[in-house]
Amino acid sequence: MSARPDVVERWSGVNAGQDEARRLRLAGHAGDPAEVADADAVSGTPLKFRVARRAPSRPHLQPRAVGEAVNAVAAAAAAVAEVDAPPHAATHQPRLRVDNVSLDYRVDRRSIRATHQVAFDVMPGERFVLLGASGCGKSSLLKAVGGFLPASEGRILLDGQPISGPGPDRMAVFQEFDQLPPWKTVLDNVAFPLTASRKLDVAGARLHAQDWLARVGLAGFAGAFPHQLSGGMKQRVAIARALAMSPRMLLMDEPFAALDALTRRRMQEELLALWEQERFTLLFVTHSIEEALHVGHRILVLSPHPGRVRAEFNAQGLDGAQRLALGQRIEQLLLET
Ligand SMILES: Nc1ncnc2c1ncn2[C@@H]1O[C@H](COP(=O)(O)OP(=O)(O)OP(=O)(O)O)[C@@H](O)[C@H]1O
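Keep in mind that this is a model prediction, so the values were computed, not measured. The residue numbers shown here count from 1 along each chain, following its written sequence. In keeping with the predicted nature of the model, local features appear solely for residues at pLDDT of at least 70, side-chain atom pairs appear and are counted solely at 80 or more, and the whole-chain, interface and lining totals rest on all residues. Excluded from the side-chain calculations are hydrogens and water; all other atoms, namely the structure's heavy atoms, are used.

(A) View of the pairing of strand β5 (residues 110-122). Here, any two strands with at least 2 DSSP bridges between them count as paired. Only DSSP runs of H or I covering at least 4 residues are called helices, and only runs of E covering at least 2 are called strands; the numbering of each starts at the N terminus. Summarising the sheet, strand β4 (residues 96-107) and β5 pair through 9 bridges and their orientation is antiparallel. Pairing of L103 across the sheet is with T115, part of β5. Two successive antiparallel strands, β4 and β5, enclose a turn made up of 2 residues, where D108 displays a positive phi of approximately 50 degrees.

Below, the structure written as structure tokens:
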């Protein structure tokens, strides 16, 4: 059985009803006309959220959240630009399923619970954000998905298969600037995983790496060493190194948190531009609400230590006012607990 968050909320823009109905159909739901109509009815309003207490498992696939529907922003405009739907519209199977996962650390014969019965799905091509206060277990979840931390309860499935350890199908980018081996040139840093995983031979890997360096704007730095780069440039190398592997999932743990505000914003834009080209599946950890809203299609809010699912939001298709309101709602949620 999956986790049962105390509160599950779903927000969406004016076209949310159709999205909801489509998601229900794609999720293999029976397609009860009453339920679809219920979902479509939501689309007539500028912005609504629905609250469910003790929602059943897989809350975001539930057809009818129990409880009230509340207008959140009276002034929200009717027209919301059609957004790029992630390619998951074409498939049922989640790329990643985190099913009721609890994570524990053993310290001095004591067990420290990092997350408690967390459940969520990430669809192929989706940008999914884990958001929560410091210590709520975001990084632990990422480590578990990366195969570095076994679940003490629940399952983690990648394309339907339980993960059994780290693999080149999940590449990670961390916050720390020292994630690049300093003795390797920028080119070798990007090429190394390609040869180590036997995806390409040395010549092929170097060509592919050079191509990826060009895509992140570092074509002229192939021969440089990491210590000769700025923080933002190092993160670009780390992103190139990860995406060059065409991973099934890109895992990012606060990748821009150590950058200045301007560079951080630029890097977010660059990441989104790369996503437009590649449509990779992204699991992104942050404690910044603004960043979560900017980067995520969906945002999972975790409660403080040990992390449980607090709420899940669809952040697609929101206009400025709606985005602001959602940010305020998330902030309120994070402060509540
Ligand atoms: N290696 C470890 N050994 C013991 N406990 C750990 C270890 N790593 C994390 N923890 C504990 O697990 C809990 C979750 O930590 P985690 O780093 O996953 O949280 P987080 O949400 O990513 O925090 P932050 O935003 O500050 O990075 C915390 O209580 C932390 O002390």
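(B) A look at the site of the ligand. Around the ligand, the structure places 14 residues, and the nearest of them are S134, G135, K138, S139 and S140. Here a polar contact is taken to be a pair of N or O atoms separated by no more than 3.5 Å, where protein atoms must pair a possible hydrogen donor with a possible acceptor and residues adjacent in sequence count only if both atoms sit in side chains. Here a nitrogen atom of the ligand sits 3.5 Å away from a polar atom, N or O, in the side chain of Y105. A distance of 3.0 Å separates an oxygen atom of the ligand from a polar atom in the backbone of G137. Accessible surface area values rest on a Shrake-Rupley calculation with a 1.4 Å probe, where residue burial reflects the displayed protein chains alone. In the complex, the protein chains occlude 64% of the 630 Å² of accessible area that the ligand would expose alone. Take the shell around the ligand: its biggest share by element is 4 residues, from helix α3 (residues 138-146). Basically, the charged four are Asp, Glu, Lys and Arg, the nonpolar ten are Ala, Val, Leu, Ile, Met, Phe, Trp, Tyr, Cys and Pro, and anything else, Gly included, counts as polar. The residue makeup of the shell around the ligand, split by class, is 5 nonpolar, 6 polar and 3 charged. Near, as used in this document, describes a residue that has one of its heavy atoms within 4 Å of the molecule or strand being considered.

(C) Expanded view of the nonpolar core. The biggest cluster of nonpolar side chains holds 52 residues, and the ones touching the most others in it are M252, I299 and I330. A total of 7 residues in this core trace back to one element, the largest contributor, which is helix α6 (residues 231-243). Throughout, the edges of the domains are those of an automatic or database domain assignment. Two domains share this core, each providing at least three of its residues, namely domain 1 (7-169 + 249-336) and domain 2 (177-246). Setting aside chain neighbours within four positions, we find I330 in contact with L131, I289, L293, I299, V301 and F313. Only buried residues count toward a nonpolar core. Its members are Ala, Val, Leu, Ile, Met, Phe, Trp, Tyr and Cys residues joined through side-chain atoms within 4.5 Å. Burial status follows relative accessibility: with a 1.4 Å probe on protein chains alone, a residue under 20% of its type maximum counts as buried, one over 50% as exposed, and anything between as partly exposed. In terms of nonpolar packing, the next biggest core, distinct from the first, is built from 25 residues, L96, V101, L142 and V145 among them. Contacts are assigned to residue pairs with any non-hydrogen atoms lying within 4.5 Å of each other.

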